[in-house]
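For reference, the chains in residue letters:
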Amino acid sequence: TIYGYTGEDETVVIPAQIEGYAVSQVGTSNSGLYSNSFRKVRNVIISEGIQIISDGAFSHTNLTSIIIPNSVNTVCKQAFWGCDKLEIVTLPAGI
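Residues numbered from 1 in each chain as written. Predicted model: local features only at pLDDT ≥ 70, side-chain atom pairs only at ≥ 80, totals over all residues. Heavy atoms only, no water.

Enquirer: Quick rundown of the overall build of the protein? Include the residues and the values.
Expert: For the protein, the count of helices and strands is zero helices and nine strands. Listing the helices and strands of the protein from first to last along the sequence gives β-β-β-β-β-β-β-β-β. For the protein, the residues scored as buried account for 36% of the 95 residues in total. Sequence-distant contacts, at least 24 apart, represent 47% of the contacts inside the protein between residues at least 6 apart. Here the protein has roughly 5,400 Å² of accessible surface; of this, 49% comes from carbon and sulfur atoms. (Helix = DSSP H or I, 4+ residues; strand = E, 2+ residues; numbered from the N terminus. Buried < 20%, exposed > 50% of the residue type's maximum accessible area, 1.4 Å probe, protein only. Contact = heavy atoms within 4.5 Å. Areas by Shrake-Rupley, 256 points an atom, 1.4 Å probe, with all protein chains shown as cover.)

Structure follows, in structure tokens:
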């Protein structure tokens, strides 16, 4: 699970693997994804292999676009709650 981001980039790729460990989900709203650093992020690309976008994972962020891969099979409640600027959501075929 990825719980946070501390970089400065406006576009972030969430990897399916970190240091040899598989990443299966993007963290929760209690985990810090909406920290001050993440507030600078506008575009997110979720890598193929990640399966779950957890409760409130991107809530209250300044996202304008997100790309969700075929591997995501669960988007939990309020994953994008309060994302007033989110305009482009690219979903896989079949959703």
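Enquirer: Mind laying out the side chain of S71, listing which residues take part and the relevant values?
Expert: Looking at the element boundaries, S71 is found in the loop between β7 (65-67) and β8 (74-75). Accessibility expressed as a relative area gives 15% for S71, which makes it buried. Setting aside chain neighbours within four positions, we find S71 in contact with S47, E48, G49, I50 and Q51.

Enquirer: Go over the sheet that holds strand β6 (residues 52-53), please, and point to the residues and values.
Expert: The strand order across the open sheet built from three strands is β4-β6-β8, with neighbouring strands paired in parallel fashion. Each edge of the open sheet carries a strand with a single partner, namely β4 (25-26) and β8. The pairing of β6 with β8 spans two bridges and is parallel. Paired with I52 across the bridge in β8 is T74. (Pairing = 2+ DSSP bridges.)

Enquirer: Give me the nonpolar core: which residues, what numbers.
Expert: If you look at the biggest cluster of nonpolar residues, it comprises 20 residues, and the most contacted ones within it are I14, V44, I46, I53 and F58. For this core, the secondary-structure elements that each account for two or more residues are β1 (11-14) and β5 (43-46). Apart from the residues lying within four places of it in its own chain, the contact partners of I46 are I14, I53, F58, I66, I67, I68, P69 and V72. (Core = buried A, V, L, I, M, F, W, Y, C linked by side-chain atoms within 4.5 Å.)

Enquirer: Outline the packing of aromatic side chains, listing residues and values.
Expert: One pass over the full model with this rule turns up one aromatic pair. Ring centres 5.6 Å apart and planes at 5° place the aromatic pair F58 and F80 in the stacked group. Taken as a pair, F58 in the loop between β6 and β7 and F80 in the loop between β8 and β9 (88-90) lie far apart in primary sequence, 22 residues in all. In this structure F80 comes out as partly exposed when scored by relative accessible area, which is 22%. (Phe/Tyr/Trp six-rings, centres within 6.5 Å; stacked < 30°, edge-to-face > 60°.)

Enquirer: Can you tell me about the pattern of salt bridges, naming the residues and giving the values?
Expert: Oppositely charged side chains may form a pair once their charged atoms are brought near each other. Here the structure, examined in full by the defined rule, presents one salt bridge. The closest approach of N and O atoms between K40 and E8, which form a salt bridge, is 2.5 Å. Taken as a pair, K40 in the loop between β4 and β5 and E8 in the segment before β1 lie far apart in primary sequence, 32 residues in all. (Salt bridge = Lys/Arg side-chain N within 4 Å of Asp/Glu carboxyl O.)

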